[in-house]
Amino acid sequence: MQIPAAFEYERATSVEHALELLRSGGPDARLLAGGHSLLPMMKLRLAAPELLIDLDALSDELGYVREADGEVRIGALTRHREILESALIAARFGVFIDAEKLIADPVVRNRGTIGGALCQADPAEDISAACAVVGARLVIQGLDGQRTISMRELHSGPYETTIRDAEMLVEIRVPVQPGIGSAYEKVKRRVGDWAIAAVAAAVRLDGGTIASGAVALTAVGGDVTAQRASDALTGAPPSEETFAQAARLAAEDCAPQTDQRGSAEYKRHLANELTLRALRSATARALREES
Ligand SMILES: Cc1cc2nc3c(=O)[nH]c(=O)nc-3n(C[C@H](O)[C@H](O)[C@H](O)COP(=O)(O)OP(=O)(O)OC[C@H]3O[C@@H](n4cnc5c(N)ncnc54)[C@H](O)[C@@H]3O)c2cc1C
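Residues numbered from 1 in each chain as written. Predicted model: local features only at pLDDT ≥ 70, side-chain atom pairs only at ≥ 80, totals over all residues. Heavy atoms only, no water.

Q: Sorry if this is basic, but what is going on with the nonpolar core here?
A: Within the largest apolar cluster, 41 residues are counted, with the highest numbers of intra-cluster contacts made by Phe96, Leu118, Leu138 and Ile172. In terms of residues, this core owes the most to one element, helix α9 (residues 127–133), which gives six residues. The residues touching Ile172, leaving out its near neighbours within four places in the chain, are Val72, Arg73, Ile74, Ala76, Ile114, Leu118, Cys131, Ala136, Arg137 and Leu138. Counting 30 residues, the second largest nonpolar core, distinct from the first, contains Ala201, Ala226, Leu233 and Ala251. (Core = buried A, V, L, I, M, F, W, Y, C linked by side-chain atoms within 4.5 Å. Buried < 20%, exposed > 50% of the residue type's maximum accessible area, 1.4 Å probe, protein only. Helix = DSSP H or I, 4+ residues; strand = E, 2+ residues; numbered from the N terminus. Contact = heavy atoms within 4.5 Å.)

Q: I would appreciate a short explanation of the side chain of Glu167 in the present structure.
A: If you trace the backbone, Glu167 turns up in strand β10 (residues 167–175). Here Glu167 is in contact with Leu19, Leu22, Ile140, Gln141, Gly142, Arg147 and Thr162, once residues within four sequence places are set aside.

Q: Quick question: what am I supposed to make of the site of the ligand here?
A: The immediate surroundings of the ligand are formed by 28 residues, with Leu31, Gly35, Leu38, Thr113 and Asp126 found nearest. Gly35 is positioned with one of its backbone polar atoms (N or O) 2.8 Å from an oxygen atom of the ligand. The separation between an oxygen atom of the ligand and a polar side-chain atom of Ser37 is 2.9 Å. If the ligand stood free it would expose 980 Å²; the protein chains cover 89% of that surface. With four residues, helix α8 (residues 114–120) is the largest single contributor of residues to the shell around the ligand. (Near = heavy atom within 4 Å. Polar contact = N/O pair within 3.5 Å; in protein donor to acceptor, adjacent residues only side chain to side chain. Areas by Shrake-Rupley, 256 points an atom, 1.4 Å probe, with all protein chains shown as cover.)

Q: Please explain the sheet that holds strand β7 (residues 145–150) as it appears in this structure.
A: Sheet strands pair via backbone hydrogen bonds, and the direction of the pair is either parallel or antiparallel. Taking strand neighbours across the sheet as the criterion, the five strands line up as β4-β5-β10-β6-β7 in an open arrangement whose pairing is antiparallel. Looking at strand neighbours, the two that pair on one side only are β4 (65–68) and β7, the edges of this open sheet. Averaged over all adjacent pairs, the angle separating strand axes in this sheet is 30°, with direction ignored. The sheet strands contacting helix α1 (residues 15–25) are β6 (137–142) and β10, and the helix crosses β10 at an angle near 135°. (Pairing = 2+ DSSP bridges. Axes fitted to C-alpha atoms, helices over the stretch in contact; angles between N-to-C directions.)

Q: Can you help me understand the packing of aromatic side chains in this one?
A: Remark: the centre distance and the inter-plane angle together describe each pair of aromatic rings, the angle taken between the planes. This structure, assessed with the given rule, holds one aromatic pair. Relative to Phe96, the ring of Phe93 has its centre 6.3 Å away and its plane inclined at 90°; by these criteria the two rings are edge-to-face. Both residues of the pair, Phe93 and Phe96, count as buried. (Phe/Tyr/Trp six-rings, centres within 6.5 Å; stacked < 30°, edge-to-face > 60°.)

Q: What is the right way to look at the pattern of salt bridges in this model?
A: Any two side chains of opposite charge can pair, on the condition that their charged atoms come close. In total, this model carries 22 salt bridges according to the counting rule given. Two residues, Arg164 and Glu167, come together in a salt bridge whose shortest N-O distance is 3.5 Å. In this structure, the salt-bridge partner of Arg261 is Asp193, at a minimum N-O distance of 3.5 Å. Highlighted residues: Arg261 in the loop between α12 (240–253) and α13 (264–290) and Asp193 in the loop between β11 (180–188) and β12 (195–206), separated in sequence by 68 residues. (Salt bridge = Lys/Arg side-chain N within 4 Å of Asp/Glu carboxyl O.)

Q: For this particular structure, what's the right way to read the sheet that holds strand β3 (residues 51–54)?
A: With parallel pairing, three strands are arranged side by side in an open sheet as β1-β3-β2. Of all strands in the sheet, those with a lone pairing partner are β1 (8–11) and β2 (29–32), marking the two edges. For this sheet, the mean angle separating the axes of adjacent strands, direction not counted, is 25°. Bridge count between β1 and β3: four bridges; the pairing is parallel. Across the sheet, residue Glu8 finds its bridge partner in β3, namely Leu51. Packed onto the sheet, α1 meets β1, β2 and β3 and runs at close to 175° relative to β3.

Q: Quick question: what am I supposed to make of α1 here?
A: For the α-helix, the turn length of 3.6 residues means that residues three or four positions removed from each other point alike. Among the residues making up α1, those that are buried are Val15, Ala18, Leu19, Leu21 and Leu22. The buried residues of α1 occupy one face: seen down the axis, they fall within an arc of 160°. Within α1, the exposed residues directed more than 90 degrees away from the buried face are Arg23 and Ser24. A positive phi of about 70° marks Gly26, the residue just after α1. (Arc of directions from axis to C-beta.)

Q: Even after reading the chapter, I still don't get the state of the cysteines, so can you show me in this structure?
A: Every disulfide links exactly two cysteines, by a covalent bond between their sulfur atoms. This structure, assessed with the given rule, holds zero disulfides. No disulfide involves Cys119; its nearest neighbouring cysteine sulfur is the one of Cys131, lying 11 Å away. Since its relative accessible area comes to 29%, Cys119 is described here as partly exposed. (Disulfide = S-S within 2.5 Å.)

Q: Before we go on, may I ask you to explain unusual backbone geometry in this structure?
A: Most peptide bonds take the trans form, and the phi angle of most residues other than glycine is negative. Even without being glycine, Arg45 reaches a positive phi, approximately 60°. The topology assignment puts Arg45 in the loop between α2 (38–43) and β3. In this model, Asp69 sits at a positive phi of 50°, which is unusual for a non-glycine residue. Note on placement: Asp69 falls in the loop between β4 and β5 (71–75).

This is the structure:
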């Protein structure tokens with residue numbers, strides 16, 4: 001039987017209230033969003049917070065997708081299902097729709113949140129790579145105000161973030177850019193499973209050239225952003241040669257480990273192949289945006 005250690009429970013009524021509870025609870029307080037990562041960890045005693053701060057009542061305040069000031073803004077408590085069903089996201093950022101379709105199953109997507117997914121910092125989690133390639137900025141709120149960080153600055157290691165004790169993620173901001181196309185490709189063992197390997201890609205076309213490009217990898221170790229692959233795209237023509245070069249660099253620079261999902265060699269092969277596929281798909285979408 002899986003039973004968590006004893007804990008205190010508080011239901012936050014606002015962001016300010018959640019932050020006050022975090023401050024009074026200290027390092028042993030944890031936020032509860034959808035609970036699909038934290039509760040299993042508590043049952044297995046991999047996590048044993050003394051105070052659980054339930055954010056569910058903040059679903060209206062922090063559950064939204066809207067466009068403002070040239071950005072698509074996604075509240076941290078937006079559920080996976082709401083992102084998947086957002087016409088605004090579908091029209092702008094195919095990479096999120098591709099990734100969300102492949103996350104777990106409808107039961108998990110009905111409760112799990114984008115903020116919880118990013119803050120869980122699981123190396124096999126799909127949304128971080130999607131956020132990275134579209135240049136998402138993350139709004140972190142503390143009692144003294146807000147700060148904004150890049151996707152790269154959020155994770156300090158597996159299951160670790162740079163969010164401080166009395167802070168929380170409140171919003172994800174994605175810049176809207178003309179001519180951009182993005183896509184996500186994932187290989188998993190069976191429907192609903194975590195990735196063996198996955199790749200997010202985005203290209204912004206301008207007059208037959210890739211004005212900016214980005215590749216990010218999931219579940220293959222190393223930094224989420226494949227920097228040399230991204231650099232190889234920028235300024236190059238959107239050709240098979242360019243994609244092959246970026247895919248080779250992405251595969252070279254990742255650091256996969258052999259585990260029950262596959263060998264390191266197989267995962268490196270997937271990093272190459274999935275980068276190619278994601279770039280082709282992102283480019284096809286960018287061409288539609290341009291025309
Ligand atoms: C069977 C199963 C299969 C899954 N498959 C996949 C998959 O294929 N791909 C994938 O990407 N994910 C997968 N997931 C994970 C799923 O996406 C979770 O919903 C997600 O990882 C966590 O979101 P949550 O809202 O449930 O967060 P919670 O479990 O509530 O919280 C996770 C962590 O984030 C912290 N946190 C939550 N919100 C905030 C915030 N606003 N600010 C700061 N910290 C916060 C919590 O304190 C906790 O440490 C799977 C989960 C399950 C149960």
